[in-house]
Amino acid sequence: MTLKVCEIFQSIQGESTWTGLPCTFIRLAGCNLDCTWCDTRYAKDETNAKIMDTDLIMQSVKTAELNYVCVTGGEPLTQSGTIGLLKKLLQEGYRVSLETNGSINWTHLPETISCIVDIKCPSSGMSAHNRLDCLAGLRLNDQIKFVVSDHQDYVFAREIYHRYLKNFDGPMFVSPVYGVMNPLMLANWLISDKIPMRLHLQMHKILKLK
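First, a word on scope: everything that follows refers to the structure included in this document. Predicted model only: the values in this text are computed from it and were never measured.

### Focus on helix α1 (residues 54-64)
Item 1. Listed as buried for α1 are Thr-54, Ile-57, Met-58 and Val-61. End-on view of α1: buried residues confined to an arc of 100°, all on one side of the axis. Summarising the geometry of α1, the exposed residues directed more than 90 degrees from the buried face are Asp-55, Gln-59 and Thr-63.
Item 2. Residues of α1 that are buried sit in contact with β1 (2-12), β2 (22-28), β3 (50-53), β4 (68-72) and α2 (82-91).

### Some points on the layout of surface pockets
Item 1. Counted as a void, the largest pocket has a volume near 850 Å³.
Item 2. Residue lining of the largest pocket: 39 residues in total, with Glu-15, Asp-39, Thr-40, Asp-118 and Lys-145 positioned closest to the centre.
Item 3. In terms of residue count, strand β6 (residues 114-119) provides more of the lining of the largest pocket than any other element does, three residues in total.
Item 4. Among the residues making up the lining of the largest pocket, the classes are represented as 16 nonpolar, 11 polar and 12 charged.

### Quick word on the packing of aromatic side chains
Item 1. By the definition in use, this model includes three aromatic pairs.
Item 2. Aromatic side chains Trp-18 and Tyr-68 sit 4.3 Å apart centroid to centroid with 10° between the ring planes, which places their arrangement in the stacked category. Note that Trp-18 is positioned in the loop between β1 and β2 and Tyr-68 in strand β4, a separation of 50 residues in sequence. Assigned by exposure class, Trp-18 and Tyr-68 land together as buried.
Item 3. Their ring planes at 35° and their centres at 5.3 Å tell us that Tyr-154 and Trp-189 sit as a pair that is tilted.

Reading the values: rules and limits
- Residues numbered from 1 in each chain as written.
- Predicted model: local features only at pLDDT ≥ 70, side-chain atom pairs only at ≥ 80, totals over all residues.
- Heavy atoms only, no water.
- Buried < 20%, exposed > 50% of the residue type's maximum accessible area, 1.4 Å probe, protein only.
- Helix = DSSP H or I, 4+ residues; strand = E, 2+ residues; numbered from the N terminus.
- Arc of directions from axis to C-beta.
- Contact = heavy atoms within 4.5 Å.
- 1 Å grid on protein atoms, 1.4 Å probe; cavity = no way out; pocket = protein on both sides within 12 Å on 5 of 7 lines; lining within 4 Å.
- Points joined across faces, edges and corners; volume = space filled by probe spheres on them.
- Nonpolar A, V, L, I, M, F, W, Y, C, P; charged D, E, K, R; others polar.
- Phe/Tyr/Trp six-rings, centres within 6.5 Å; stacked < 30°, edge-to-face > 60°.

Here it is in structure tokens:
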């Protein structure tokens with residue numbers, strides 16, 4: 001089984017409940033969306049991707065000697081081999097999260113994987129691709145994330161919460177687009193509307209890490 005890999009590297013996880021943990025990132029190449037605020041646009045290009053089989057990927061992961069692995073992209077679920085890689089990581093005893101753009105059904109993945117689902121807001125230009133029908137199938141380990149650039153995006157996130165997420169007991173985050181949205185303004189909107197989502201700042205960007 002082979003996958004198109006953009007890069008494998010170690011850093012600090014900057015998002016989700018895993019924030020602050022040292023992590024091995026497996027960034028897969030290719031994406032089915034084209035978000036305005038994409039901060040890993042280079043990962044969309046599959047032409048320069050390394051073709052790696054699962055055993056070679058696992059060798060790189062083991063060399064890093066970190067227990068936590070995040071599979072990200074691009075969009076990992078565009079590759080058929082991703083599920084096999086995730087299962088292999090679990091079999092080897094790793095704690096695993098998957099970062100997905102929410103446009104492809106993730107609810108069939110192993111429940112022990114923490115799927116970090118990025119629900120696209122209007123300013124991304126990709127909100128029509130959200131698989132809102134899958135929100136009814138969220139699992140306990142799943143996490144929801146909104147990236148907000150303005151008040152319209154925030155209102156969108158608030159409406160998605162009220163319509164689909166009020167009964168979801170897992171973590172929900174709202175993050176300002178780095179360098180665009182004022183985090184304090186976003187915090188005040190959350191306080192005013194009593195929305196139980198966590199204001200989340202991207203630690204890796206603050207620290208200027210990859």
